[in-house]
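Chain by chain, the residues:
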Amino acid sequence: MWTRQNWFEGWRLFAVLTLILIGLSFWIAGMRQFEVEGVRMVIRFTARTSLLFFCFAFSAASLAYLRPNAWTRWQRRNRRTLGATFAASHTIHAVAIIWFAAIDPAGFAGATSAASYIFGGIGYGFIIALTATSFDPTAAMLGPRAWRVLHLTGGYYLLLQFTVSFGKRIPEMPLYALFLIPLAAVFALRMVSMASRPAPRPAQAA
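What this report covers is the structure whose coordinates are included nearby. Computed from a predicted model, the values in this text were never measured in an experiment.

Moving on, we come to the packing of aromatic side chains. The final tally for this structure, using the stated rule, is 19 aromatic pairs. Between the aromatic rings of Phe 162 and Phe 166, the centroid separation amounts to 6.2 Å while the plane-to-plane angle is 25°, which identifies the pairing as stacked. Residue Phe 162 and its partner Phe 166 are located together in helix α8 (residues 144–167), separated by four residues, close to a single helical turn. Taking relative accessible area as the criterion, Phe 162 reaches 7% and is therefore assigned buried. Since its relative accessible area comes to 5%, Phe 166 is described here as buried.

Below, the discussion takes up a nonpolar patch on the surface. A grouping of Trp 7, Phe 8, Val 16, Ile 20, Leu 24, Trp 27 and Met 31 is seen on the molecular surface, where their side chains present a nonpolar patch of about 730 Å² in accessible area. Within the secondary structure, Met 31 sits in the loop between α1 (10–30) and α2 (36–66).

Membership of the largest hydrophobic core comes to 36 residues, with the highest contact counts inside it found for Phe 54, Phe 86, Leu 158 and Phe 162. Among the secondary structure elements, those contributing two or more residues to this core are α1, α2, α4 (79–103), α6 (114–132), α8 and α9 (180–196). No other element matches α2, which puts twelve residues into this core. When residues no more than four places from it in sequence are discounted, the contact partners of Phe 162 are Ala 47, Ser 50, Leu 51, Phe 54, Phe 86, His 90, Gly 167 and Leu 183.

Let's shift gears to the pattern of salt bridges. What the rule picks out here adds up to three salt bridges. One salt bridge connects Glu 9 with Arg 77, and the closest N-O pair in it is separated by 2.6 Å. Of the two residues, Glu 9 sits in the segment before α1 while Arg 77 sits in helix α3 (residues 70–77), which places them 68 residues apart along the sequence. Its relative accessible area of 7% is what places Glu 9 among the buried residues.

With that out of the way, let us pick up the side chain of Arg 190. As for its placement among the helices and strands, Arg 190 is situated in helix α9. Put simply, Arg 190 is tucked away with no salt bridge, and the nearest opposite charge, on Asp 136, sits 17 Å away. What Arg 190 contacts, discounting residues up to four positions off in sequence, is Phe 58, Ser 62, Leu 152 and Tyr 156.

Turning our attention to the packing of α2 against α8. The interhelical angle for the contact between α2 and α8, taken along N-to-C directions, is 145°, at an axis separation of 11 Å. Between α2 and α8 lies a crossing of left-handed hand. Of the residues in α8, those in contact with Ala 47, Arg 48, Ser 50, Leu 51, Phe 54 and Phe 58 of α2 are His 151, Gly 155, Tyr 156, Leu 158, Leu 159, Phe 162 and Phe 166. Across the contact of α2 with α8, the residue classes break down as nine nonpolar, three polar and one charged.

Turning next to α8. One turn of an α-helix holds 3.6 residues; hence residues three or four places apart share an orientation. With 24 residues, α8 ought to run about 34 Å at 1.5 Å a step, and its terminal C-alpha atoms sit 34 Å apart, in line with that. His 151, Gly 154, Gly 155, Tyr 157, Leu 158, Leu 159, Phe 162 and Phe 166 are the residues of α8 that are buried. If you follow the buried residues of α8, they end up packed against α2, α4, α6 and α9.

Analysis parameters
Residues numbered from 1 in each chain as written. Predicted model: local features only at pLDDT ≥ 70, side-chain atom pairs only at ≥ 80, totals over all residues. Heavy atoms only, no water. Phe/Tyr/Trp six-rings, centres within 6.5 Å; stacked < 30°, edge-to-face > 60°. Helix = DSSP H or I, 4+ residues; strand = E, 2+ residues; numbered from the N terminus. Buried < 20%, exposed > 50% of the residue type's maximum accessible area, 1.4 Å probe, protein only. Patch = residues over 30% accessible without salt bridge, like charges linked within 9 Å, V, L, I, M, F, W, Y side chains within 5 Å. Areas by Shrake-Rupley, 256 points an atom, 1.4 Å probe, with all protein chains shown as cover. Salt bridge = Lys/Arg side-chain N within 4 Å of Asp/Glu carboxyl O. Core = buried A, V, L, I, M, F, W, Y, C linked by side-chain atoms within 4.5 Å. Contact = heavy atoms within 4.5 Å. Lys, Arg positive; Asp, Glu negative; His and termini not counted. Axes fitted to C-alpha atoms, helices over the stretch in contact; angles between N-to-C directions. Left-handed = near helix turned anticlockwise from the far one by under 90°. Nonpolar A, V, L, I, M, F, W, Y, C, P; charged D, E, K, R; others polar. Expected span 1.5 Å × (residues − 1).

Below is the structure:
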């Protein structure tokens, strides 16, 4: 629940993690006097922290089912918090991108394309929708079936988008292949979890 009075749970955890992300982003940009290179470093940094928190949130239920222990139960219990922190990280990422576009329009134009606007926009649309429906009242308004469809569709879309975004950089920087490992692990965990769950029993005839 979001009401647990503990710095490692719920809203308090979200506040601490978000403040850390904001502080580190300012520190990184400040190392380059808040000029273009510093802003681009923040973009790269928040892309990686977003990947981290997304993987924690999207793997939580599967890990708790496959390997129930203190850590996975904490992760499952704080799945909403981790998802909200992912959204906060990607909001900082968006602010840094806008900042980059403002101070270096030519460099920004060279680093983006129509595809990045389209698929990135869809990704941010899903992030907004997933975050907005991560609260009990909005989830209830949406209904369990629609909620599940939205969160599964959005989650797998973001998984694919992260894979493409990091994967396309591998030819220039082979170390980017390391970022695909947690994404592949999350996908594998979800597939194994899905396959290992018992099939629903058919309805009994009256």
